[in-house]
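Coordinates in review
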Amino acid sequence: GHALLEAAVARAPDFAPAWFELAKNNWRQSFLVPLPEQLRGFAAARQTAQRAIALDPRNGAAYGVIAQTIAPIGHWREIEAGLARALALSPNEPNLLLWQGVFLFKTGGLKASREFLRRAYALDPLDLAANHSLWLTLVTMGAYGEAQTMASRLTAIWPDQLAGFWDQF
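On a predicted model such as this, the values are computed, not experimentally measured, just so you know. (Residues numbered from 1 in each chain as written. Predicted model: local features only at pLDDT ≥ 70, side-chain atom pairs only at ≥ 80, totals over all residues. Heavy atoms only, no water.)

**A closer look at the nonpolar core**
Counting 40 residues, the largest nonpolar core has Val-65 and Trp-99 as the members making the most contacts within it. Not counting chain neighbours up to four residues away, the residues in contact with Val-65 comprise Phe-20, Ala-23, Lys-24, Trp-27, Ala-45, Ala-49 and Trp-99. (Core = buried A, V, L, I, M, F, W, Y, C linked by side-chain atoms within 4.5 Å. Buried < 20%, exposed > 50% of the residue type's maximum accessible area, 1.4 Å probe, protein only. Contact = heavy atoms within 4.5 Å.)

If you want it as structure tokens, here you go:
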């Protein structure tokens, strides 16, 4: 998919949504490589997100990618501010709702996390990350019945993915 996104921005260099998708892909790919390469991937994600913003300054999701590339230790307020700015521009963007929910989970805001993740899930019920993140929040909150329902649904939707089985385990 990455090569297709690169081809899309080469073919339509003024199409902001393609730059956002490339930025998001650069960010996600960065988790699959050693740390020095990860840092280069984050830099590429920021650069491509900035291109999306230059083309469309109201692209909240691109601001969200930039917030996602900030190292969390010692930078929680910066991430929080970046996500708040992004959500102010795009309050119903599923990626942003997911990222805000995960951020709130990591910082102890479980009830708020659950609500953001429920919104992300409602907008994109097939998103594996939204499903799993909501499941994790529910388990952490002790809502085991609802979490089990989520895990069973995830396994039914994605029978070839380990996530649903792992969540049920």
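**Quick notes on the packing of aromatic side chains**
Here the structure, examined in full by the defined rule, presents four aromatic pairs. Ring geometry for Trp-27 versus Phe-31: centroids 5.4 Å apart, planes at 85 degrees, classification edge-to-face. Residue classification places Trp-27 among the buried residues on the basis of a relative accessible area of 9%. In this structure Phe-31 comes out as partly exposed when scored by relative accessible area, which is 48%. Ring centres 5.3 Å apart and planes at 75 degrees place the aromatic pair Trp-27 and Trp-99 in the edge-to-face group. With Trp-27 in helix α2 (residues 16-29) and Trp-99 in helix α6 (residues 94-106), this residue pair connects regions lying 72 residues apart in the sequence. The class of Trp-99 is buried, set by a relative accessible area of 3%. Through pairs of rings, three or more aromatic residues link up here, namely Trp-27, Phe-31, Phe-42 and Trp-99. (Phe/Tyr/Trp six-rings, centres within 6.5 Å; stacked < 30°, edge-to-face > 60°. Helix = DSSP H or I, 4+ residues; strand = E, 2+ residues; numbered from the N terminus.)

**Section: the environment of Pro-125**
Along the chain, the position of Pro-125 falls in the loop between α7 (110-123) and α8 (128-141). Its relative accessible area of 30% is what places Pro-125 among the partly exposed residues. Pro-125 sits 12 residues away from Ser-113 along the chain, and the two C-alpha atoms are 17 Å apart.

**Brief notes about the packing of α2 against helix α4 (residues 60-68)**
The contact between α2 and α4 brings their axes to 9 Å, and the two run at 20 degrees. As summarised for this structure, α2 and α4 are arranged roughly parallel, according to the angle between their axes. Regarding α2 and α4, the two cross each other, and that crossing is left-handed. Contacts between α2 and α4 pair Phe-20, Ala-23, Lys-24 and Trp-27 from the former with Ala-61, Ala-62, Val-65 and Gln-68 from the latter. (Axes fitted to C-alpha atoms, helices over the stretch in contact; angles between N-to-C directions. Parallel < 35°, antiparallel > 145°, perpendicular 65-115°, else oblique. Left-handed = near helix turned anticlockwise from the far one by under 90°.)

Shape is all these values report; function is a separate question.
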